[in-house]
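Examining the three-dimensional arrangement
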Amino acid sequence: MRTLNIAMLLDMAVAGDPDRVAMGSRGPGTGTTCTQLRRTAAGVATVVHRTGARELVFAGVNGPAFPVLLFAAALAGVPLVPVNYRLSTQALTNLLVHTERPLVVADEAFAAGFEGVRVRTPEALLVEGRAADPAEGLEGSPDDPAVLLFTSGTTAAPKAAVLRHRHLSSYILQTVEFGSAAPDDAVLTSVPPYHVAGVGSVLSNLYAGRRIVHLGAFEPAAWLALVRAEGVTSAMVVPTMLARVVEHLGGGPADVPTLRSLAYGGARMPHTVLEAALRAFPDAGFTNAYGLTETSSTIALLGPDDHRAALGSDDPAVRARLRSAGRMVPGVEARIRDETGAVLLPGAVGQLWVRGPQVSGEYKGSGEHKGPATTLDGDGWFHTRDLAHFDDEGYLFIEGRADDTIIRGGENIAPAEVEDVLLRHDTVREAAVVGVPDEEWGERIAAFVVVHEGAATDAEALRAWVRGRLRGSKTPDVIVFRAELPYTPTGKLLRRELLTTMQGG
Ligand code: AMP
C-alpha cells in the first residue's frame, strides 16, 4: 500500500468496503461505489499521463467529477489545480501563466473563460478514462504536490499554496477515524473545489466512509431540499451560506430531522447568525472549524459538546467559548506571539503561529520567483497573520486578520469587535468595519451596514448604539448604508473593495 499519498486514502476506502456508495444519490443504482471511483480515477490518470500534462487544472463546480479528478491527478503523479470558475478570462489567463504544461478541464459553462487553450469537459474526460487502462505506479512520493490552490489574488499577483501529499494525508490521518461513519451517513458538500475545505471534504468523508452528496451552486432552499431528499446527516457550510439558510427560514425551524451534524468555518461566523442557526437546527451538533489554505484546512475545532457546554453554562468564561474556534487538532502546535516574536500567555492577544505535519506554508509562482518558496521559519512555524488569544483551557479565539486592524490615533482596533456590536442592533443584518486613511487620526473607522428588509435606522442611532457599548474611540466615524456587502463565494468579506468604493466617493 502507498504511504502518505492521498490515493492511499482511496485505496483504504476500497479495501474497507468496495461496494459502498462513495458519492451520489441514495436511489438504487445511482451512486458511485468506492470501486467505481477508484477505477474511473485510475483510467483518467492514464489519459492525463498520455497528454504529458504536468498539472491538472479544473474549473468546475463541486460535483461528482471533482473527487475523480482529485484522485486521478494523484494517481498520475501531477497536482490538481482547482481554480475559481467565476474569474474573468483575463484573471484565468494570469493564473495559467503560473502553471506548468496544464491539462485544462472545465465545466461547459466556464470553458469560454479560457482563451487560446484546449479545454476538455469533465464528462468527456471521465468517459475517456473509463475506457482507458488503469494507471499503475505513476503516483509520486509523499513530497510531491497533491493540490495547488491559488489565493484569491484580487490585488496581488496570483500565487498558489502548495499542499503536498504528506500535508493532506497527515491532516486526514490525524483528525479522521477510518470508517467511523454509520452506514446511512451522508454529507452534503457545497463548498467549491478551489477552496481547501472542498478538498478536505472529499478526503475526510471518503476516509470516514460517509456518502458524499454534492450541491454545485449553493442556494438555501435547494440546500434544505437536498438535505431532506437525500437523508443528509452532516453538512459543512461557510458563514454566508448559513446566514442565507437562517434568513430563508425566517425564524422557523429547519425541519431536517436527519441532520445530526452541522459544521461551519472558512471565515468568522457572526454571533447573531450562529444563535439563529442553533434555534433553527435544535437537534444538530454544531462544529466550528478554523483553518487556512496553507494549513491543509482545519487546525482547530469547537465540537458539538463544546457548543452545548457553552450554551448551557452560567460561567461567562465557558459561555464565551461559543465565539471560539475551539482547541487545536492533534498534531498541530500553536503559539501566540507579539511583534517581537515573544510568546504570550493565555489571555493576551497576539499573532497566531502554528506548526505540524499538515502545515505547508509554501507557495509557488509568487512574484518574480517561479520556484517553491516556503514561509515557515527555521523551526517550522507558520505565521497565520490572524490575531488571536487562548483562554486558560486552550480554547482559541480568532479576532480577525492582523492586516485588517485599524490604527486610529495610535489605538489598535479590531474590526470584529465593532462589527459584533453593530450586529447586535435589531435593524442590522450585516456589518463591515474598515479603516479609512485620515490625515488627523491616521485612520478613521468606517462601518458599512446592511439593514434587515423594511427596517429603519440612521447613522446617528447606530453610532450611539456602539458608543453605549464600547469605548468612544471605537465608535464609527462614518456609517454607510448598503444594499449588500461584497463577499467571496467562500464567505470572505472583501474589505479592500469597500475601502475602494469609499475612497472613490
Ligand atoms: P483561506 O486560506 O482563504 O481559507 O483563509 C483563511 C483565513 O480565514 C484564516 O486565516 C482566518 O482569518 C479565516 N477563518 C477561517 N476559518 C475561520 C473560523 N472558523 N473562524 C474565524 N476565522 C476563520
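Preceding this paragraph is the structure being described.
Residues numbered from 1 in each chain as written. Predicted model: local features only at pLDDT ≥ 70, side-chain atom pairs only at ≥ 80, totals over all residues. Heavy atoms only, no water.

Turning our attention to helix α1 (residues 6–16). The buried count for α1 comes to nine of eleven residues, which makes it a mostly enclosed element. Along α1, the residues that are buried comprise I6, A7, M8, L9, L10, D11, M12, A13 and V14. For α1, the secondary structure elements touched by its buried residues are α2 (34–51), α3 (65–76), β7 (145–150), α7 (165–175) and α8 (196–208). You can read the cap of α1 off the contacts: a side-chain oxygen lies 2.8 Å from the backbone nitrogen of A7, and it is on N5. (Buried < 20%, exposed > 50% of the residue type's maximum accessible area, 1.4 Å probe, protein only. Helix = DSSP H or I, 4+ residues; strand = E, 2+ residues; numbered from the N terminus. Contact = heavy atoms within 4.5 Å. Polar contact = N/O pair within 3.5 Å; in protein donor to acceptor, adjacent residues only side chain to side chain.)

As a packed pair, α2 and α3 sit with axes 7 Å apart at the nearest point and diverge in direction by 55°. When the interaxial angle is binned, α2 and α3 end up oblique. Like other packed secondary-structure pairs, α2 and α3 cross with a definite hand, here right-handed. Of α3, the residues touching α2 (which contributes L37, R38, T40, A41, A42, V44, A45 and V48) are P67, V68, L69, F71, A72, L75 and A76. (Axes fitted to C-alpha atoms, helices over the stretch in contact; angles between N-to-C directions. Parallel < 35°, antiparallel > 145°, perpendicular 65-115°, else oblique. Left-handed = near helix turned anticlockwise from the far one by under 90°.)

This part covers the layout of surface pockets. Its volume calculated, the second largest pocket comes out at about 230 Å³. At the level of secondary structure, the elements contributing two or more residues to the lining of the second largest pocket comprise β7, β8 (160–164) and β18 (362–364). Along the lines of polarity and charge, the residues of the lining of the second largest pocket split into six nonpolar, one polar and seven charged. (1 Å grid on protein atoms, 1.4 Å probe; cavity = no way out; pocket = protein on both sides within 12 Å on 5 of 7 lines; lining within 4 Å. Points joined across faces, edges and corners; volume = space filled by probe spheres on them. Nonpolar A, V, L, I, M, F, W, Y, C, P; charged D, E, K, R; others polar.)

At a closest axis distance of 9 Å, the pairing of α1 and α8 adopts a crossing angle of 30°. Classified by the angle their axes make, α1 and α8 are roughly parallel. In terms of crossing hand, the pair formed by α1 and α8 is left-handed. On the side of α1, the interface is formed by I6, L9, L10, M12 and A13, while α8 contributes L203, L206 and Y207. A breakdown of the residues in the contact of α1 with α8 according to their chemical character gives eight nonpolar, no polar and no charged.

This part is about the side chain of N5. Tracing the sequence through the fold places N5 in the segment before α1. Using a relative accessible area of 0% as the deciding quantity, one classes N5 as buried. Contact partners of N5, with chain neighbours within four places excluded, come to A74, E139, G140, H165 and S169.

By the element assignment, K364 lies in strand β18. Overall, the relative accessible area of 14% leaves K364 in the buried class. Looking at K364, its side chain comes within polar contact range of the main-chain oxygen of H98, at 3.0 Å.

So, about the pattern of salt bridges. All told, the structure shown has 31 salt bridges when counted by the stated rule. Among the salt bridges present, the one from E275 reaches R424, with a minimum N-O distance of 3.4 Å. One end of the pair, E275, is in helix α11 (residues 271–280); the other, R424, is in the loop between α14 (415–423) and β24 (428–438), with 149 residues separating them in the sequence. The partly exposed category is assigned to E275, whose relative accessible area is 27%. (Salt bridge = Lys/Arg side-chain N within 4 Å of Asp/Glu carboxyl O.)

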